[in-house]
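Observations on the model geometry
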Amino acid sequence: MLIRTPARRRAVATAATACALAVALTACSGTTKDGAEKDTATAASGAKADPDAPLKKGLKLAFLPKQINNPYEKIVDEAGIAAAAEYGATGKEVGPSDANASSQVSYINTLIQQRQDAILIAANDPNAVCGPLKQAMKKDIKVVAYDSDTAKDCRQLFINQASSEEIGRSLVQHLGEQIGHQGKIAILSATQNATNQNTWIEFMKDELKLPKYKNMQLVKVAYGDDADQKSFQQTQGLLSAYPDLKGIISPTTVGIAAAARYLSDSSYKGKVVLNGLGTPNQMRKYVKDGTVEQFSLWNPEELGYLGSYAAASLASGQITGAEGEKFTAGRLGEYTIGKDGEVILGEPTVFDKKNIDKFDF
């Protein structure tokens, strides 16, 4: 897998836009949720876009991650804050130390009081945050979901790291190839209400219905709540309950790192295949010591960078969040808004021994 150049990123953005518009193409039709809404909150209100408007100076952006101590989301948010400085804005990160469904609500209320120009949120729950986010939009504070979506009427845009369908199906495809399409498997997820996790898992389950997986059995979906120690314990519990387990998919950077740590010091190392979503810096030692053969992810720095520019474009009036609108995200180039306000960063990268040292995040 090659590192994407700026031209490659623009090509990916164009392809992603085509996928979002051509929903009949099975490989590209994944969205965060199967909703019927065609417009985002702002677009539906009759707001008009001015694509020639410059980005406003002095904008205030706030990043609200699932939890403040999540290393993956720290990378995303710091990149978004750095991007804000490029166009003369200021950014900050605030958030809870836990990933409970309602833990972000008080932070949204505070950000409204502070009159932020935009709130960027990775939602712990698609609906628990909706009330205060709607209040924010009523006060002309722009709302951009990233990484994990809210309900569609609670934000103007969703910055999706990749096609949800592609992520879910590809994780099953990779694991299936590694275990010869035979045996019991489990999923180690984050929280039970995480929008992105649940969407990916639904596509995983759908992929498993195909005939080639007839000899693979999903025995359990476990939840580590994006907490390192709980994810470690959940891995231990899975292998205790299912000693003949052949593989684990963990679509969370916290979960896959914790699961790899457990496997690396256990008798299951080399016997149980672990795949999922992780960062190269977290997973490098487990790839090199043979605990993990491969895993996937997009570039989280680019996710934060894209989200930052999208929020600034909204706050500056360049876009409203309507399908078909275009905006430029700095060095990443031009993006087009797809159905339900979704903007797709690009396809995930597969990391293994051959390429992992080319990445540093």
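What comes next is a walk through the structure. (Residues numbered from 1 in each chain as written. Predicted model: local features only at pLDDT ≥ 70, side-chain atom pairs only at ≥ 80, totals over all residues. Heavy atoms only, no water.)

1. What about the environment of alanine 186?
Going by this rule: The numbering of helices and of strands both runs from the N terminus, where a helix is a DSSP run of H or I of at least 4 residues and a strand a run of E of at least 2. Type-normalised accessible area, obtained with a 1.4 Å probe on protein chains alone, sets the label of each residue: buried when under 20%, exposed when over 50%, and partly exposed for intermediate values.
Mapped onto the elements of the fold, alanine 186 is located in strand β6 (residues 183-189). Residue alanine 186 is classed as buried on the basis of its relative accessible area of 0%. C-alpha separation for the pair alanine 186 and lysine 220, spaced 34 residues apart in sequence, amounts to 5.1 Å.

2. With respect to the sheet that holds β6
Note on sheets: strands pair through backbone hydrogen bonds, and any given pair is parallel or antiparallel. Which entries qualify depends on this criterion: The rule for pairing is simple: two strands pair if DSSP sees at least two bridges between them. Only C-alpha atoms enter the line fits that serve as axes; for helices the fit covers just the stretch in contact. Angles between N-to-C directions range over 0 to 180 degrees.
Pairing is parallel across the open sheet formed by 4 strands, whose spatial order is β7-β6-β8-β9. Looking at the sheet topology across the chains shown, the edges are occupied by β7 (216-223) and β9 (273-276). Taking each pair of neighbouring strands and ignoring which way they run, the sheet shows an average axis angle of 20 degrees. Judged from the 4 bridges that link them, strand β8 (residues 245-250) and β9 form a sheet pairing that is parallel.

3. Quick notes on the state of the cysteines
By definition, a disulfide is the covalent link that joins the sulfur atoms of two cysteine residues. What counts, and what does not: We call a pair of cysteine sulfur atoms a disulfide when they lie within 2.5 Å.
Applying the stated criterion across every chain, the model contains 1 disulfide. Between cysteine 130 and cysteine 154 runs a disulfide, and the two sulfur atoms are separated by 1.9 Å. Disulfide cysteine 130-cysteine 154: the torsion about the S-S bond is 105 degrees, which places it as right-handed. One end of the pair, cysteine 130, is in helix α5 (residues 130-138); the other, cysteine 154, is in the loop between β4 (142-146) and β5 (157-160), with 24 residues separating them in the sequence. Each member of the pair, cysteine 130 as well as cysteine 154, is classed as buried.

4. A short note on the pairing of β7
Of the strand pairs in this sheet, β6 and β7 are connected by 7 bridges, and their pairing is parallel. Bridging across to β7, glycine 183 finds its partner in methionine 216.

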